[in-house]
Amino acid sequence: VQLQASGGGLVQTGGSLRLSCAASGRTFSGYNMGWFRQALGKEREIVAGISGGGGSTYYADSVKGRFTTSRDNAKNTVYLQMNSLKPEDTAAYYCAARRNFAVSILPKFYDFWGQGTLVTVSS
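Let me begin by describing the structure that accompanies this report.

Scoring rules and cut-offs
- Residues numbered from 1 in each chain as written.
- Predicted model: local features only at pLDDT ≥ 70, side-chain atom pairs only at ≥ 80, totals over all residues.
- Heavy atoms only, no water.
- Disulfide = S-S within 2.5 Å.
- Helix = DSSP H or I, 4+ residues; strand = E, 2+ residues; numbered from the N terminus.
- Buried < 20%, exposed > 50% of the residue type's maximum accessible area, 1.4 Å probe, protein only.
- Contact = heavy atoms within 4.5 Å.
- Salt bridge = Lys/Arg side-chain N within 4 Å of Asp/Glu carboxyl O.
- Phe/Tyr/Trp six-rings, centres within 6.5 Å; stacked < 30°, edge-to-face > 60°.
- Lys NZ or Arg CZ within 6 Å of the ring centre and 35° of its normal.

**Section: the state of the cysteines**
- Under the definition given, this model contains one disulfide.
- Through a disulfide, Cys 21 is tied to Cys 95; the S-S separation comes to 2.1 Å. Linking Cys 21 and Cys 95, the disulfide has an S-S dihedral of approximately 65° and is accordingly described as right-handed. Here the residue Cys 21 occupies a position in strand β3 (residues 17-23), and Cys 95 occupies one in strand β9 (residues 91-99), the gap between them amounting to 74 residues.
- You can call Cys 95 buried: its relative accessible area is 0%.

Below, the structure written as structure tokens:
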């Protein structure tokens, strides 16, 4: 499956952005999806995840209550709504797909990756 992330940009502290990740292929609902981010000089970290059917989600503690992930399997798209953004949310954001099993917090367990979209939060 091929993934295309979009929606990044420059926003002020407290603002909102919605990232989208469009997937190719006919079996999108068979993939658990993860959102990761990587800030300059730091390791890639999980932000959120969602199961194939959308019934189960995971959020990193740092984004709980501010970020929401959802998916529309009819459109082969997963979303990350980011509210109350902080400067520490500045990073390149990536979507990833994992076939079978469940959402994992570890990047190494994902089979496919999007190209990343940059989010910059100014103070």
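**Some points on the side chain of Thr 69**
- Considering the arrangement of structural elements, one finds Thr 69 in strand β7 (residues 67-72).
- Note on Thr 69: relative accessible area 5%, which makes it buried.
- When sequence neighbours within four positions are dropped, the list of residues in contact with Thr 69 reads Trp 35, Ala 48, Gly 49, Ile 50, Thr 57, Tyr 59, Val 78, Tyr 79 and Leu 80.

**Let's talk about the pattern of salt bridges**
- This structure, assessed with the given rule, holds four salt bridges.
- Between Arg 37 and Asp 89 there is a salt bridge, with the nearest N and O atoms lying 2.9 Å from each other. Placement of Arg 37 in strand β4 (residues 31-38) and of Asp 89 in the loop between β8 (77-82) and β9 is noted, with a sequence separation of 52 residues between them. No difference in accessibility class separates Arg 37 from Asp 89, as the two residues are buried.
- Across the salt bridge formed by Arg 66 and Asp 89, the nearest N and O atoms sit 2.7 Å from each other. Of this pair, Arg 66 sits in the loop between β6 (57-59) and β7 while Asp 89 is found in the loop between β8 and β9, placing the two residues 23 residues apart along the sequence. For the residue pair Arg 66 and Asp 89, the accessibility class agrees, reading buried in each case.
- Among the charged side chains, a network of salt bridges with common partners joins Arg 37, Glu 45, Arg 66 and Asp 89.

**Things to note about the packing of aromatic side chains**
- Summed over all chains, the structure comprises five aromatic pairs.
- Taken together, a centroid distance of 5.1 Å and an interplanar angle of 80° make the contact between Phe 36 and Tyr 110 edge-to-face. Residue Phe 36 is found in strand β4, and its partner Tyr 110 is found in the loop between β9 and β10 (112-113); the two are separated by 74 residues along the sequence.
- For Phe 36, a relative accessible area of 0% corresponds to the buried category.
- On the accessibility criterion, Tyr 110 (6% relative accessible area) is buried.
- On the basis of an interplanar angle of 75° and a centroid distance of 6.4 Å, the ring pair of Tyr 94 and Trp 113 is categorised as edge-to-face. Of this pair, Tyr 94 sits in strand β9 while Trp 113 sits in strand β10, and the two are 19 residues apart along the sequence.
- Judged by relative accessible area, Trp 113 falls into the partly exposed class, the value being 27%.
- It is Arg 44 that lies over the ring of Trp 113; its NZ or CZ is 4.8 Å from the centre.

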